[in-house]
Each structure stands twice: as structure tokens, then as C-alpha cells.
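For reference, the chains in residue letters:
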Amino acid sequence: MLILQERCENMMDYIKRLRLCIRWFQELELDYAFEQEKLKNALELNEKHCVDMEVSLKNKEEELNMIIEELRKNFESVQVQLAREQTEKLAANDSLGKEKEARLSVEKAQAGLTEELGKAQGDLQTANQRIQSVNDMYKLLQEYNSSLQLYNSKLQGDLDEAHETIKRGEKERTAIIENIGNLKGQFSALQEQLAASKASQEDIMKQKGELVNEIASLKVELQQVKDDRDRHLVEVKTLQTEATKYNDFKDAITELETTCSSQSTQIRQLQDRLVNSERRLQVSDLSTFEKMNEYEDQKQSIIDLKSRVEEAELKLVEGEKLRKKLHNTILELKGNIRVFCRVRPLLPGENNGDEGKTISYPTSLEALGRGIDLMQNAQKHAFTFDKVFAPTASQEDVFTEISQLVQSALDGYKVCIFAYGQTGSGKTYTMMGRPGNVEEKGLIPRCLEQIFETRQSLRSQGWKYELQVSMLEIYNETIRDLLSTNKEAVRTDSGVSPQKHAIKHDASGNTHVAELTILDVKSSREVSFLLDHAARNRSVGKTQMNEQSSRSHFVFTLRISGVNESTEQQVQGVLNLIDLAGSERLSKSGSTGDRLKETQAINKSLSSLGDVIFALAKKEDHVPFRNSKLTYLLQPCLGGDAKTLMFVNIAPESSSTGESLCSLRFAARVNACEIGTPRRQTNIKPLENRLSLG
């Protein structure tokens, strides 16, 4: 596992170096392109100069031709006049000499122009040679660039394969969901059939019970009739014996015989009824047996359906885990800041009918659980984040999504989670929860419980962790130590802390605040006590938008130092949990006096945070981290090698639509920022430490 982690870290370093190399070659390519453009411009200037020289040469040749033509005409006229006028011969000779001198000067000018044309052609040839060398270099750069593009396309192919895997997983998830729906339909139908079968079986069992009772009563009556018949037969026999003695009792004997015959008839009728009842009982037993078999079959099919549903749900959970893992891997490779959006429930007194008009959640497969739509002035604004929590989401649901990120702090990573949003949107509830209510604990208490539980479970693997806690707030651009036992050091009447807490960042990207109280903690109960102490010292106030509005930025820092005694491996992680003060408009908050100063300081620091995010998104060379204490404190989280997650909290009422839209746009810009690949801080204990421990 350590070898794989080292290989992963080597690969991350190689990817960083490769990105730097690509960026260097891109800059080199831009320089060569600029040089080539300069040479092309020089060549165009030389060509233009040559063209101008050729045009001027052609013009001079035309002028010379015209002069020669005129000279010929003059020579012809002179020859004609020479024959006629001998007296003008000397003048003609003088003019001829002048013409020869002019011709020689024209020939000299033509020779000079020819030399200049040769020089221009030589310059053109050298420029062509330089252009050829630049073209060769450009071809080499193109070949290297093509190789880099091939490698980049390979990486893009791997990324596309990961996306395809995610899409296949989502398709399988959709199919599994549909299969689960069908199975649930079949399950409900079988349950209805089972209920009907149970009802019919109960009716049959009731009929069977009635028949059994009737048979029992008939058997009792039959036994009574048999007893009466036997008794009467005995009486008849006694009477017959006596009849031989007494003939006077013939009438009584006749009556007794009649009674016996009638009772025999009743016995036969009862026997027939008994036979019919036994037949009906056999028929009911057969139907009951068939119903029992049908019931067992349906029960088995229900068990099979339940197992299939459980398997499908298990596959769905595994597919969702795989999707989250691939999604997190892609985000870590990109180095993006992850963004979760949470919409708080409507509070008592707010208009419940406006939520459906203002905020909606897409149901498409791509945006399910990740998309949110906001309506403003009949215009729909759609946003997609890494996760969107509806008002029905519980604190447990929210924490489940970030639990793996919190685990990274124990693994040696820097982790930063901060909540952003307008005043009254539920940031403090998300981070701190509601005091005294176990079900509504916030992210900070739940993160601490998980860290302490995981620390306890890792002891069996040889890990020992030491945890240190610090808490501060940034109030009116002043850092306050919330764990200080000196109340004067925490807050003064002027609102300024007398202690100067300077922020420093070392070469490893760790942040240190001067004179800040840092305490060792052993259990989550100790941290809960410290949180309550910090909450009492934190600056809160009442505005028109919130009864208890946080007037400062709260920063909770947990430093984790772990060592494995068996492998001698050390890790150093940091968990920063930040509850930002809410942005608010002065027209809505109605702040005056100290509240006005607080609002201005809060909005200024949040505006500086927006400037930093904007500079990171544009990949500018200078990022204004030092414009506020908040951005300078968050510099390692926003511009370093940390795993960063932002919660954007939204209020659902229609009166907050403008602020909600601004928050969502800011969150989308944050989600697009690439801050680099997270780096794990781990090393092996030095030899002297091993000797001292052993």
C-alpha cells in the first residue's frame, strides 16, 4: 500500500512537472511565433522596399527611354538640319556632346540602381535563409507539440474512459432503479395476492372450524340417538318378554316399535348428514392444502424478490460509491474546489408558496441531486454543483457526503471546509448545528466525533495520534483568539484586540498565527467544551435579517500528528472548518453605528475573497491574497495543495432571490477554480527518534 501511495505521489509530481514543461514549451512556442512574425514583417518591409525600388527603376527607365526617343528625334532633326545648315554644325556638335554626357550620367545612375537591386536581392536571400531556419525550428516544435498533444489526448482518453465509466454506472443505476421499481410493483402485487390468499384461507379455516364443530355436535347427537335406540331396544326386549306374560301391553309395544323405527330413520338421516359433512371437510382440506401450497410458493417468490431487491439496492449503493469515487478522483486530478449547495427550510412566518416558484430541482439523470434552478423575474437560472441538498436533507445526510473528506485529514492531507452565503441562510446551523439537540448537531461536532472514533479504531494498526485545537475569529479585519482565558485579550470596548496576531505561511504551506492559543485535546467532550467557550466569546448581533447574526468569520483548526510505531511512518494533517459571516445589503439589514462598521468590514472581506476567486479562475500571475486577513489566512486552502470544499447556503424565500443568485454565481465560479493536486504530508521518523523511542 505504501509503495502504491509513493507511486501515486511520484505520478502527481510527474504530472506537475509535465504541466510545467507543457507550459514552458507553450511559452517557447509563443516566443518563436513572435520571432517568426517579426521576421515576416521584416521580409514584407524588404519586399515592399524592393518593389518600390523596382517601380522607381522602371520609372527612371521610362524617363530614359523617353529621353533617348527625344534624342533620336533631335538627332534626326540635327542630321536634316546639318545637310541644310552647315553654319549650325558647331552648335549641333556641342549639343551632341551634351547629349552624350547626359547619357553617360543616366547609365551611371542605372548601374547604381542595379547595385542597390543586387544588395536588396542579397538581403532577401539571407532573410529567406533565416525564415527557412525558423520554419525548421517551428517544424521541430510542432513535432514536439504533436507528441505532447498525443500524450495529452491519451490523458484525455483516460479521462473520457472515466467519464464513460461514470455514464455506464449511471445507466446501470437507472436500469437498477427501474428494475427496483418493477420488483417493488411485483412485490406489492404479490403482497396483495398474499393478503387475498390469507383472507380466503382464513374464510376456509373458519368454514372448516364451523364444519368441525357441526360434525362434533352431530356426532354427539348421533351418540345420544344411538344410546336412546339401545335403551329403547332393551326396553322393547323387556317388554316383549313381559308381553308374553302380559298381552294387555300390546298397544304400548306398538308405540315403542313406532318410536324405534322413527329413531332409526333419524339415525340414518344423521349418518347421511355426517357423510356429507365429512365429504365437505375433505373438499375444504384439499382447498386448504392447495391454498397452503400457493401461499408457500408466493412466500418463496416474495423472498426471492426481496433478495433481488436487496441485491439491486446493494448494486445501486456500490455504483453510487464508484461514481462518487471516480468523480472525486477526477476532481482531485483537476485540482478543483468542490462545492456543495444547501437550501435551508422555510422558517415560520415565511411564505411557503414561494419556494416552488423560486427554487426547483431538476429530475434528469445528469442533474439529479446535483442541479438547482432559480427563477428571477420569470427568467430561469440553472446551476450544477458536486451536490445539492434540498430543505428536507438532515444534518446526518450532509455529513455523510463529507465524511471521506474528513478522513483525509487523518491520512495526512490539508482539508478546508467553509460555509458561504447571505445572512440568515443557515451557515452557522450547517457548521455548528443546534446546541442541545443530538439529531441536529453540525458538521464541526460530527467531524470531531468521527476523528476521535477513527483514531481509537486505528490504534490496533499501530497508529497514535496527537490532536491540537485553535479557534479564532476575524472581526473588523482584526484577529481575535477565542480560546484565550484573558477576556481583555479577546475583546475590548473599541472592538480591537490589543494582541497582534500576525499571519505567517512557511515553506511547507502551513499557516501560523502569532500568539494564538493552541490546546491539546484527548476527547470530543473537551472539544465540545472549547466550542461552547468560543461560541460565548464570538461576536454576534441582531439585524433586520437575522435575530442572531454572526458578525465575524469563525475559523476552527484541528492539527493532527500521527505516527505508526510498526512502520515508523509519520503523517501531519490539518482540518480547517470555517463559518464565514453572511453578506448583506445595508438597505435590508438596516445596520447603523457599530453594526454598519461590521457590515462594511464583512462585505469588504467577502469582496476580497471574490477578487481572489476571480484571479484564480482567470489564472492570473498575481492573486491578491493580502487584500484582507480572511483571504491571507485561506491562502494555503485556495492556492495551495489542500482539499477544499465550499458550502453555499441558500435561503428559499422569494425576497432573497437576488442574494441567492449572487451566491450561486459566486459558487459556480469557485467550482471552476483549479488550485492544484492535493499533496499528502508524510515522512519516515529519523534514526535518532527511532533510537530514542526504542
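The structure displayed is predicted, hence computed values, not measured ones.

A. Summary view of the pattern of salt bridges. Under the counting rule described, the total for this entry stands at 8 salt bridges. K380 serves as the salt-bridge partner of D373, at 3.3 Å between the closest nitrogen and oxygen. Here R480 and E473 are joined by a salt bridge, their closest N and O atoms 3.2 Å apart. The class of E473 is buried, set by a relative accessible area of 0%.

B. Region of the structure containing the packing of helix α7 (residues 443–457) against helix α9 (residues 524–537). One can describe the packing of α7 onto α9 by two numbers: an axis separation of 10 Å at closest approach and a directional angle of 160 degrees. Judged by the inter-axis angle, α7 sits roughly antiparallel to α9. Note that α7 runs across α9; the crossing there is right-handed. Where α7 abuts α9, its residues I444, L448 and F452 lie against S524, V527 and L531. For the contact of α7 with α9, the residue count by class is 5 nonpolar, 1 polar and no charged.

C. Spotlight on the UniProt feature "binding site: ATP" (unreviewed entry) in the chain. On the UniProt side, "binding site: ATP" (unreviewed entry) is annotated at positions that read G421, Q422, T423, G424, S425, G426, K427 and T428 here. Within the element layout of this structure, G426 appears in the loop between β6 (414–421) and α6 (427–432). Not counting residues within four places of it along the chain, the set of residues in contact with G426 comprises R344 and N649. Inspection of the secondary structure assignment puts T428 in helix α6.

D. Structural view of the packing of aromatic side chains. The tally for this structure, following the rule as stated, stands at 6 aromatic pairs. Aromatic pair F340 and F647: ring centres 5.6 Å apart, planes at 85 degrees, arrangement edge-to-face. Within this pair, whereas F340 is found in strand β1 (residues 338–343), its partner F647 is found in strand β16 (residues 643–650), the two being separated by 307 residues in sequence. Just above the ring of Y413 sits the side chain of K643; from NZ or CZ to the centre is 4.2 Å.

E. Representation of the side chain of S425. Within the fold, S425 resides in the loop between β6 and α6. Exposure remark for S425: the relative accessible area of 1% places this residue in the buried category. Within the local environment of S425, its side chain forms a polar contact with the backbone oxygen of Q422, the two atoms lying 2.8 Å apart. Here S425 is in contact with R344, N649, I650 and A651, once residues within four sequence places are set aside.

F. Layout of the confidence of the model for the chain. Averaged over every residue, the pLDDT of the chain is 77; residues scoring 70 or more account for 80%. For residues 542–547, every residue scores under 50 in pLDDT, and the model assigns this stretch 20 contacts once sequence neighbours within four places are set aside.

G. Layout of unusual backbone geometry. Residue A378 is not a glycine yet carries a positive backbone phi of 65 degrees. Considering the arrangement of structural elements, one finds A378 in the loop between β3 (371–376) and β4 (379–384). Here A378 falls in the exposed class, since its relative accessible area comes to 78%. One non-glycine residue, N476, adopts positive backbone phi at about 50 degrees. Structurally, N476 can be placed in the loop between β7 (463–475) and β8 (478–481). A relative accessible area of 29% means that N476 is categorised as partly exposed.

H. Seen up close, the side chain of R446. On the secondary structure map, R446 appears in helix α7. Once residues lying within four places of it in the same chain are set aside, the contact partners of R446 are Q395, E396, F399, V438, E439, E440 and K441.

I. Just the pairing of β8, in detail. Burial along β8 is two-sided: T478 and R480 and I479 and D481, pointing in opposite directions, are all buried. Of the pairings in the sheet, the one linking β7 to β8 comprises 4 bridges and is antiparallel in character. Paired with L472 across the strands is D481, a residue of β8. The turn joining β7 and β8, which pair antiparallel and follow one another in sequence, is formed by 2 residues; a positive phi near 50 degrees is taken by N476.

J. Local environment of the packing of helix α5 (residues 395–410) against α7. The interhelical angle for the contact between α5 and α7, taken along N-to-C directions, is 50 degrees, at an axis separation of 9 Å. In this view, α5 runs oblique relative to α7, as classed from their interaxial angle. Crossing hand, α5 versus α7: right-handed. Mapping the contact onto sequence places Q395, E396, V398, F399, I402, S403, V406, Q407 and L410 in α5 and L443, R446, C447, Q450, I451 and T454 in α7. Across the contact of α5 with α7, the residue classes break down as 8 nonpolar, 5 polar and 2 charged.

K. A look at the sheet that holds β4. Spatially, 3 strands are ordered β2-β3-β4 in an open sheet, and the strand pairing comes out antiparallel. Where the open sheet ends on each side, the last strands, each with one partner, are β2 (359–360) and β4. In this sheet, β4 lies alongside β3 in antiparallel orientation, the contact comprising 6 bridges. The partner of D373 across the bridge, within β4, is A382. Packed onto the sheet, helix α14 (residues 657–671) meets β3 and β4 and runs at close to 145 degrees relative to β3.

L. Quick peek at the environment of Q193. Among the secondary structure elements, Q193 is positioned in helix α2 (residues 89–243). According to the relative accessible area criterion, Q193 is partly exposed, its value standing at 41%. Once the C-alpha coordinates of Q193 and Q298 are considered, the two residues, 105 residues apart in sequence, prove to be 8.3 Å apart.

M. Representation of the environment of Q407 within the structure. If you trace the backbone, Q407 turns up in helix α5. Sequence separation of Q407 and L575 is 168 residues, and the distance between their C-alpha atoms is 9.7 Å. The contact partners of Q407, leaving out residues within four places of it in the chain, are Q450 and T454.

Rules used throughout
Residues numbered from 1 in each chain as written. Predicted model: local features only at pLDDT ≥ 70, side-chain atom pairs only at ≥ 80, totals over all residues. Heavy atoms only, no water. Salt bridge = Lys/Arg side-chain N within 4 Å of Asp/Glu carboxyl O. Buried < 20%, exposed > 50% of the residue type's maximum accessible area, 1.4 Å probe, protein only. Axes fitted to C-alpha atoms, helices over the stretch in contact; angles between N-to-C directions. Helix = DSSP H or I, 4+ residues; strand = E, 2+ residues; numbered from the N terminus. Parallel < 35°, antiparallel > 145°, perpendicular 65-115°, else oblique. Left-handed = near helix turned anticlockwise from the far one by under 90°. Contact = heavy atoms within 4.5 Å. Nonpolar A, V, L, I, M, F, W, Y, C, P; charged D, E, K, R; others polar. UniProt positions renumbered as here; feature names shortened; annotations may be inferred. Phe/Tyr/Trp six-rings, centres within 6.5 Å; stacked < 30°, edge-to-face > 60°. Lys NZ or Arg CZ within 6 Å of the ring centre and 35° of its normal. Polar contact = N/O pair within 3.5 Å; in protein donor to acceptor, adjacent residues only side chain to side chain. pLDDT = per-residue confidence, 0-100. Pairing = 2+ DSSP bridges.

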